[in-house]
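Here is how the chains run, residue by residue.
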Amino acid sequence: MAADKMDIDLSTLLDNEHEQQVEFTGEVDGDEYEFAVQYAVLEALSGDAPEDDAIDMFNRFSDTIAEAGLVALARNSDQALIVISENDLE
């Protein structure tokens with residue numbers, strides 16, 4: 001898959017503290033996918049671990065997260081929940 005843009009539906013953001021990730025829906029080439037970005041990614045981007053501010057951190061780095069989401073999607077497009085990890089950061 002060679003998609004070059006993801007649109008994040010900000011109304012779907014969910015801070016899943018139990019799983020230590022922020023979950024959201026993203027649209028790529030007209031198809032919707034369910035994504036989760038690990039707290040470790042937010043920490044790598046910001047330099048701080050999320051503490052009751054994971055959604056704010058997500059919003060600050062949403063462009064970078066969208067790019068990493070495309071990498072994760074290319075790797076795992078058949079998964080029900082596509083998890084974005086530090087390995088997907090470029």
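Predicted model only: the values in this text are computed from it and were never measured. (Residues numbered from 1 in each chain as written. Predicted model: local features only at pLDDT ≥ 70, side-chain atom pairs only at ≥ 80, totals over all residues. Heavy atoms only, no water.)

What to know about the sheet that holds strand β4 (residues 82–84)
What counts here: Any two strands with at least two DSSP-identified bridges between them are counted as paired. Numbered from the N terminus, helices here are DSSP runs of H or I no shorter than four residues, and strands are runs of E no shorter than two. Whenever a helix is involved, its axis is fitted only over the stretch in contact; in every case the axis is a line through C-alpha atoms, and angles between N-to-C directions fall within 0 to 180 degrees. Any pair of residues with heavy atoms lying within 4.5 Å of one another is described as a contacting pair.
Spatially, the four strands line up as an open sheet ordered β1-β2-β3-β4, and their pairing is mixed. Here the strands that pair on one side only, and so sit at the sheet edges, are β1 (7–16) and β4. Neighbour-to-neighbour, the strand axes of this sheet turn through a mean angle of 30°, independent of strand direction. Here three bridges tie strand β3 (residues 31–38) to β4, and the two strands are oriented parallel to one another. Residue pairing in the sheet places A36 in a bridge with V83 of β4. Each of β1, β2 (21–28), β3 and β4 is contacted by helix α1 (residues 39–46), which is oriented at about 70° to β3, the strand it contacts most. Against the sheet, helix α3 (residues 62–75) engages β1, β2, β3 and β4, with an angle of about 130° to β4.

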